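An overview of the molecular structure
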Amino acid sequence: MIFSDIIGHAAARKSLCDAVKRNRISNAYIFCGQPGIGRTSLAMAYAAYLNCNSRRSDDACGVCSSCLKIASGGHPDVVVLKPERAVIRIDDVREMIRDCVYPPFEGNWKVYIIDDADRLGEGAANAMLKTLEETPARAVFILIAGSAAKLLPTIVSRCQIVKLIMPSSDELLAGLQRNAASTDVSRVDEAYRLSGGLPSKAFKILRGEDLLIKKDLWGELMEHILSRNPLRALRAVECIQIMAMEYGDRAEGIIGVLDEVCRRIIHKAIENAGWSPAAIAISLAEEAKAALRLNANPQLTLESFIIQLQLRG
Ligand SMILES: [Zn+2]
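Residues numbered from 1 in each chain as written. Predicted model: local features only at pLDDT ≥ 70, side-chain atom pairs only at ≥ 80, totals over all residues. Heavy atoms only, no water.

A tally of regular secondary structure across the protein chain gives 15 helices and five strands. Along the first, second and third principal axes, the C-alpha set of the protein chain runs to 70 × 45 × 30 Å. Taken across its 313 residues, the protein chain has 46% of its residues classed as buried. If you take every contact in the protein chain between residues at least 6 apart in sequence, the share linking residues at least 24 apart comes to 70%. Taken as a whole, the protein chain presents about 15,700 Å² of accessible surface, with 52% of it coming from carbon and sulfur. Each charge class in the protein chain was averaged separately, 39 positive and 37 negative side chains, and the resulting centres sit 2 Å apart. (Helix = DSSP H or I, 4+ residues; strand = E, 2+ residues; numbered from the N terminus. Buried < 20%, exposed > 50% of the residue type's maximum accessible area, 1.4 Å probe, protein only. Contact = heavy atoms within 4.5 Å. Areas by Shrake-Rupley, 256 points an atom, 1.4 Å probe, with all protein chains shown as cover. Lys, Arg positive; Asp, Glu negative; His and termini not counted. Charge placed at Lys NZ, Arg CZ, Asp CG, Glu CD.)

Structure below.
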């Protein structure tokens, strides 16, 4: 993972590179923003940039032994701490603190990436605080968090905050096209549409690893919707709710799923040369979306949408 693999975050990339060029590398950063927008990927790309053996002006080379080791997760100077059972273990933090005082084994910098740093327990956060007060000269800590407000103020005050925002639609589409094989044109379109704008989800869909795609929940949902069977209507409501949760926010998630349902119904109408229920489905979906935007109860709105669609479609 190097900067040119990253979707969006151009301003953050530039400021990180500029700091390295001016020899003003901060020993502690907080990369904050919504999960799925590429926070950890950016941290890995920065670790590669710091340690690359043939660094270019604005990126790591991606092919030297250091870059290859970081990409495979086997670089001894780049450590990623992740939560286990929802918390970052204090023993892992203590081990990191013991380790960070030694100079890098083979790279220029030791880089510690603390994923989901908002899950540092109180003991672990306090243990880290001492290290952040006096960071070893060749160590960089990158805390990944939803927002800096979720971390102890004493930790935040010792870190440089890098705020990350959702990449634009154009950046996401261009990034997916850049990373996809030439045979994956329809997959890119699907990944772009179903990702909710999140690069990590889009890549999962592109690689066929997304659960909704793997289990073909979309296919199942469309069969339920079009079945005219009340029992399958209930299953359709469940399906939509599971899928909407993948998008995060509930009402916005359901609206995203309804948009995709309409697109699939239009597709079916085109295949069947003017299939008449399509117009009804689209007008019902528009009504449901408008109601959700006005804070209608999501469960009742969905049940009404599916039942009306089965009765009138
Ligand atoms: Zn390199």
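Let us keep going from here.
Another point: the domain arrangement of the protein chain. Accessible area lost upon the coming together of the parts is a frequently used measure of interface size. Taken domain by domain, the protein chain comprises domain 1 (3–163) and domain 2 (169–312). Facing the nine residues of domain 1 at the interface are 10 residues of domain 2. Both sides together, the interface formed by domain 1 and domain 2 hides about 670 Å², and carbon and sulfur atoms give 60% of it. If you look at where domain 1 meets domain 2, you find zero salt bridges. Linking domain 1 with domain 2 are two residue pairs in polar contact (both at pLDDT 80 or more), by the criterion used here. Split into classes, the residues belonging to the side of domain 1 that touches domain 2 amount to four nonpolar, four polar and one charged. (Domains from an automatic or database assignment. Buried area = accessible area lost by both parts, 1.4 Å probe. Salt bridge = Lys/Arg side-chain N within 4 Å of Asp/Glu carboxyl O. Polar contact = N/O pair within 3.5 Å; in protein donor to acceptor, adjacent residues only side chain to side chain. Nonpolar A, V, L, I, M, F, W, Y, C, P; charged D, E, K, R; others polar.)

We now examine the nonpolar core. Among the nonpolar cores identified, the biggest contains 41 residues, and L176, L221, V257, V261, F305 and I306 are the most heavily contacted of them. By residue number, the principal contributor to this core is helix α13 (residues 250–271), which donates eight residues. Among residues more than four places away in sequence, those in contact with L221 are A236, C239, I240, M243, V257 and V261. (Core = buried A, V, L, I, M, F, W, Y, C linked by side-chain atoms within 4.5 Å.)

It is worth spelling out the environment of E220 at this point. With respect to the element layout, E220 can be found in helix α11 (residues 217–225). Here E220 falls in the partly exposed class, since its relative accessible area comes to 25%. Those residues within four positions of E220 in sequence are excluded, and the remaining contacts are R235 and C239.

By the definition in use, this model includes 18 salt bridges. Salt-bridge contacts for R39 lead to D116; the nearest nitrogen and oxygen are separated by 3.9 Å. Pair noted here: R39 is in helix α2 (residues 39–51) and D116 is in the loop between β3 (110–114) and α5 (122–133), with a separation of 77 residues, a long-range link. Looking at D116, the relative accessible area reads 23%, which means it is partly exposed. Notably, a salt bridge pairs K289 with E286, separated by 3.1 Å at the nearest N-O pair. With K289 and E286 both in helix α14 (residues 277–293) and three residues apart, the pair spans about one turn of that helix.

Turning to the sheet that holds strand β2 (residues 78–81), a few remarks are in order. If you walk across this open sheet you meet the five strands as β2-β3-β4-β1-β5, and the pairing is parallel. Single-partner strands in this sheet number two, and they are β2 and β5 (160–163). The mean angle between the axes of side-by-side strands here comes to 20°, regardless of whether they run parallel or antiparallel. (Pairing = 2+ DSSP bridges. Axes fitted to C-alpha atoms, helices over the stretch in contact; angles between N-to-C directions.)

What helix α3 (residues 65–72) keeps buried is the set S66, C67 and I70. The buried residues of α3 occupy an angular sector of 100° when projected down its axis, which confines them to one face. For α3, the exposed residues set more than 90 degrees away from the buried face come down to A71 and S72. Each element contacted by the buried residues of α3 is listed here: α2 and β2. (Arc of directions from axis to C-beta.)

Another aspect to go through is the coordination of the zinc ion. Looking at the metal site, the zinc ion is ligated by C52 (SG), C61 (SG), C64 (SG) and C67 (SG), spaced 2.3 to 2.4 Å from it. When the donor residues of the zinc ion are listed from N- to C-terminus, their spacing reads C-x8-C-x2-C-x2-C. Each member of the pair, C52 together with C61, is buried. (Donors = N, O, S within 2.8 Å, 3.2 Å for Na, K, Ca; no water.)

Applying the stated rule across the entire model yields four aromatic pairs. Each ring, one from F3 and one from Y49, has its centre 5.5 Å from the other, and the planes form 55°; the classification is tilted. Here F3, found in the segment before α1 (10–21), pairs with Y49, found in helix α2; they are 46 residues apart in sequence, far enough to count as distant. With respect to burial, F3 and Y49 carry one shared label: buried. On the numbers, 5.2 Å between centres and 20° between planes, the contact of Y112 with F141 is stacked. Taken together, the residues Y112 in strand β3 and F141 in strand β4 (residues 139–145) connect sequence positions 29 residues apart. The same class applies to Y112 as to F141, namely buried. Each residue in the set Y29, F31 and Y46 is aromatic and connected to the rest through ring pairs, giving one cluster. (Phe/Tyr/Trp six-rings, centres within 6.5 Å; stacked < 30°, edge-to-face > 60°.)

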